[in-house]
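Each chain, letter by letter, is given below.
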Amino acid sequence: MGQCCHKVQTDHGVGLDGSTIHQMRCSSLISCIELDNGDERDGTLTKVRYNVIFVTAEATPYSKTGGLGDVCGSLPIAFATRGHRVMVVSPRYLNGSQDDKYACASDLEKHINLSCFQREQEVVYFHEYRAGVDWVFVDHPCYHRPGSLYGDEHGAFGDNQFRFTVLAHAACEAPLVLPLGGVTYGEKCLFLVNDWHASLVPPLLSAKYRPNGVYRDARSILVIHNLAHQGVEPATTYENLGLPPEWYGAMEWVYPTWVRKHPFDTGATVNLLKGAIVTADRILTVSKGYAWEITTPEGGKGLDDLLSSRNYVLDGIANGIDVDIWNPVSDKLIPFNYSVDDLYGKSLCKEALQKNLGLAVRPQCPLIAFVGRLDYQKGTDLILSAMPEILQDDVQFVMLGSGDPVTESWMRQTESLYGDDFRGCVGYTEPMAHQITAGCDIFLMPSRFEPCGLNQLYAMRYGSVPVVHHTGGLRDTVESFDHFTDEDERGTGWPFSPYSKESMLAALRTAIKTYREHKSTWKGLMKRGMSKDFTWDSAAVQYEQIMEWAFIDLPYAG
Ligand SMILES: Nc1ncnc2c1ncn2[C@@H]1O[C@H](COP(=O)(O)OP(=O)(O)O[C@H]2O[C@H](CO)[C@@H](O)[C@H](O)[C@H]2O)[C@@H](O)[C@H]1O
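None of the values given here were measured: they were computed from a predicted structure.

A. A look at the overall build of the protein chain. When its secondary structure is counted, the protein chain shows 16 helices and 25 strands. Overall, the C-alpha framework of the protein chain stretches about 70 × 70 × 45 Å when taken along its three principal axes. Here the protein chain holds 558 residues, and 59% of them are scored as buried. Here the protein chain has roughly 22,500 Å² of accessible surface; of this, 53% comes from carbon and sulfur atoms.

B. Focus on the site of the ligand. Taken together, 25 residues lie near the ligand, and Asp70, His225, Arg373, Tyr428 and Glu450 sit nearest. Contact distances for the ligand include 3.5 Å between a nitrogen atom and a backbone N or O atom of Thr65. At a separation of 2.6 Å, an oxygen atom of the ligand approaches a polar side-chain atom of His225. Taking 710 Å² as the accessible area of the ligand by itself, protein coverage stands at 95%. Broken down by element, the shell around the ligand gets its largest block of residues, 4 residues, from helix 1 (residues 67-81). Classifying every residue of the shell around the ligand gives 9 nonpolar, 11 polar and 5 charged.

C. Molecular detail of the environment of Gly300. Structurally, Gly300 is set in the loop between helix 6 (288-293) and helix 7 (304-309). Taking relative accessible area as the criterion, Gly300 reaches 0% and is therefore assigned buried. In sequence terms Gly300 and Cys189 are 111 residues apart; their C-alpha atoms lie 30 Å from each other. Not counting residues up to four positions away in its chain, the partners in contact with Gly300 are Leu227, Glu293 and Ile294.

D. Spotlight on the sheet that holds strand 16 (residues 252-254). Strand order in the open sheet made by the 3 strands is 15-17-16, with antiparallel pairing throughout. Each edge of the open sheet is held by one strand with a lone partner, namely strand 15 (232-234) and strand 16. Going from strand to strand, the sheet's axes swing by 45 degrees on average, the running direction of each strand aside. Pairing geometry for strand 15 and strand 17 (residues 268-271), over 3 bridges, is antiparallel. Along strand 17, the bridge assignment pairs Val232 with Asn271. Sheet strands touched by helix 5 (residues 272-279): strand 16 and strand 17. Its angle to strand 17, the strand with the most contacts, is close to 65 degrees.

E. Here's a closer look at unusual backbone geometry. Cis geometry is adopted by the peptide bond preceding Pro61, which originates at Thr60 and carries an omega value of 5 degrees. Following the sequence through the fold, Pro61 ends up in the loop between strand 6 (51-55) and helix 1. Look at the link from Ser497 to Pro498: it is a cis peptide, with omega at 5 degrees. Its identity is not glycine, yet Phe117 carries a phi of approximately 55 degrees, on the positive side. Structurally, the position occupied by Phe117 is in the loop between strand 8 (106-116) and strand 9 (119-130). Here Asp195, not a glycine, exhibits a phi torsion of approximately 60 degrees, which is positive. Relative to the helices and strands, Asp195 resides in the loop between strand 13 (190-194) and helix 3 (201-209).

F. The arrangement of the pairing of strand 22 (residues 422-426) in detail. For strand 22, the tally of buried residues reaches 4 of 5 residues, placing the bulk of the element in the interior. Of the strand pairs in this sheet, strand 21 (residues 396-401) and strand 22 are connected by 5 bridges, and their pairing is parallel. Bridging across to strand 22, Phe397 finds its partner in Phe422. This β-α-β element, strand 21 to helix 10 (residues 405-417) to strand 22, shows right-handed connectivity.

G. Highlighting helix 11 (residues 430-439). Among the 10 residues of helix 11, 8 are classified as buried, and the element is accordingly described as predominantly covered. Close packing links the buried residues of helix 11 with helix 8 (344-357), strand 20 (367-371), strand 21, strand 22, strand 23 (442-445) and helix 12 (455-461). Near the N-terminus of helix 11, the side chain that reaches the backbone nitrogen of Met432, with its oxygen 3.2 Å away, is that of Thr429.

H. Main features of the packing of aromatic side chains. Following the criterion strictly, the structure yields 23 aromatic pairs and no others. Here Trp410 and Phe422 contribute two aromatic rings whose centre-to-centre distance is 5.6 Å and whose plane-to-plane angle is 75 degrees, an arrangement assigned as edge-to-face. Placement of the pair is Trp410 in helix 10 and Phe422 in strand 22, with a sequence separation of 12 residues. Note on Trp410: relative accessible area 15%, which makes it buried. For Phe422, a relative accessible area of 0% puts it in the buried group. The aromatic ring of Phe126 is capped on one face by Arg92, whose charged end is 3.8 Å from the ring centroid.

I. How the structure looks around the pattern of salt bridges. Applying the stated rule across the entire model yields 19 salt bridges. In this structure, the salt-bridge partner of Lys288 is Asp315, at a minimum N-O distance of 3.2 Å. Separated by 27 residues along the polypeptide, Lys288 in helix 6 and Asp315 in strand 19 (residues 314-316) bring together distant segments of the chain. Residues joined by salt bridges that share partners form a network here, namely Lys64, Asp70 and Glu430.

J. Quick look at the side chain of His169. As for its position among the elements, His169 is in helix 2 (residues 160-177). The exposure class assigned to His169 is buried, which follows from its relative accessible area of 1%. In this view, His169 contacts Leu114, Ser115, Cys116, Leu200, Leu204, Lys208, Tyr209, Leu241 and Gly242; residues no more than four positions away in its chain are not counted.

K. Quick look at helix 16 (residues 537-552). Here helix 16 contains 16 residues, and its C-alpha end-to-end distance of 23 Å stays within 8% of the 22 Å for a straight helix at 1.5 Å per residue. Considering only its buried residues, helix 16 is in contact with strand 6, helix 1, strand 13, strand 14 (219-224), strand 18 (282-285) and strand 19.

Calculation notes
- Residues numbered from 1 in each chain as written.
- Predicted model: local features only at pLDDT ≥ 70, side-chain atom pairs only at ≥ 80, totals over all residues.
- Heavy atoms only, no water.
- Helix = DSSP H or I, 4+ residues; strand = E, 2+ residues; numbered from the N terminus.
- Buried < 20%, exposed > 50% of the residue type's maximum accessible area, 1.4 Å probe, protein only.
- Areas by Shrake-Rupley, 256 points an atom, 1.4 Å probe, with all protein chains shown as cover.
- Near = heavy atom within 4 Å.
- Polar contact = N/O pair within 3.5 Å; in protein donor to acceptor, adjacent residues only side chain to side chain.
- Nonpolar A, V, L, I, M, F, W, Y, C, P; charged D, E, K, R; others polar.
- Contact = heavy atoms within 4.5 Å.
- Pairing = 2+ DSSP bridges.
- Axes fitted to C-alpha atoms, helices over the stretch in contact; angles between N-to-C directions.
- Right-handed = clockwise from strand over helix to strand, strands pointing away.
- Phe/Tyr/Trp six-rings, centres within 6.5 Å; stacked < 30°, edge-to-face > 60°.
- Lys NZ or Arg CZ within 6 Å of the ring centre and 35° of its normal.
- Salt bridge = Lys/Arg side-chain N within 4 Å of Asp/Glu carboxyl O.
- Expected span 1.5 Å × (residues − 1).

The structure is reproduced here in structure tokens:
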């Protein structure tokens, strides 16, 4: 650790509850965390310190397929900055091509046997202490294989239930057995379990640990980043989970009759996310809008009744972003830096992007971008169907993403058809994502549903004006601009509704017209977006409130 910028420094001190404080404590109100680049980050200290255990399948910079990785890579650091003791437990994925990401994580030489899948499964823990956070990686041969985190070119891995059952069991043991910095986290901790991959943690606390007198002082919060993925497997796999037989009801989920395949199909499954919804002490989603949507039949993906029945512990907190990584003032991945007070660099970024993509360098031509996973959720079908009409206008359009093979080949075909105006970059790299976000004028995000969405936040921070479907977190984070009523003083973009090609085209046309004909209005939109507070700080304060409530209530005991 480097020298702290403040006066008093207690490196690896001992907290009120006897646990080790790794970060520098500078005064009673400010804490200071050293970041990867050597910079320090200051934060206001929390009033109550918690031992927080994030359990997640992804955490940048180690692993990422989407927004879950971004959130679990940056929110833990925000918590640590506020004075909490924070551990992140995720798998140690080795796929042969990016294994160096774990190079700084050392083997804790702690071999633990976990009881699941009818035998003892041995795991080992690796650990890196970085930016005030204990990053703990669960090592098991099931995480060592080529492909992405959840599958390969043949589809999802067939043993994902096994892989994430192992993760949940290992995460439950970690606070008890790992003396990080010399002291374990202990039983009085708060598990923040993210999505279905980590969802077995709350049932394990309730069914396995608490009846044996362990974790009676712990609490769990389920954070739903995406309800579309629930970890559903045949009911016969229940015995693999390492839970007592009498807890089957908490995990069971029965498909409605119309989905069943044949008359003897009972529809019975085990659903890991459902198990967590039943047993977690609190439930959070990543925006208030999505928290409401998942209690409706349209947005509940079959779990709306259950979620409604737990409405009193359900809440939404919009994500922040890593404002150090996504900062146009200092971003090293973009060719020119700029700020809200000096936007000249943005026009240079646009020029560089046009050159880089082989598009005509035309400063006045509106450049529209889409960056995201090519997935049903992201509404790429709307873009596909509207593209001929979009390109009738004098605009340029760039798409970056990978995923659905049909959309990928459509992107290649469209590029060969509309080579002058359209670029379809199949794949995903961080430098390309940053360059497109900085270089475009209009950022299109027509997601069918969007729990929070990060790309619209990145876009606004980079002065690119979002046009989004009016749903979930997009509705919560993009403030609608209306030049008739707002007199150019409010609004950061154009949310459109309903979900249709026509309404998306109408919003895009308004954006294009504003860009072309109302330059000062456009600048206002850019500047208001860039000036918004996207830091994790306000989200972290809201999380603390939920944690406080979780500890006031008795834990879920069945
Ligand atoms: N092909 C690709 N491969 C790898 N990375 C890619 C990629 N395409 C895009 N990305 C990147 O992944 C992130 C996507 O974040 P989002 O929040 O928009 O969506 P995602 O649906 O993954 O996350 C879910 O979780 C987040 C976090 O809570 C919610 O914001 C969101 O609504 C919810 O659907 C961005 O950093 C983006 O640039």
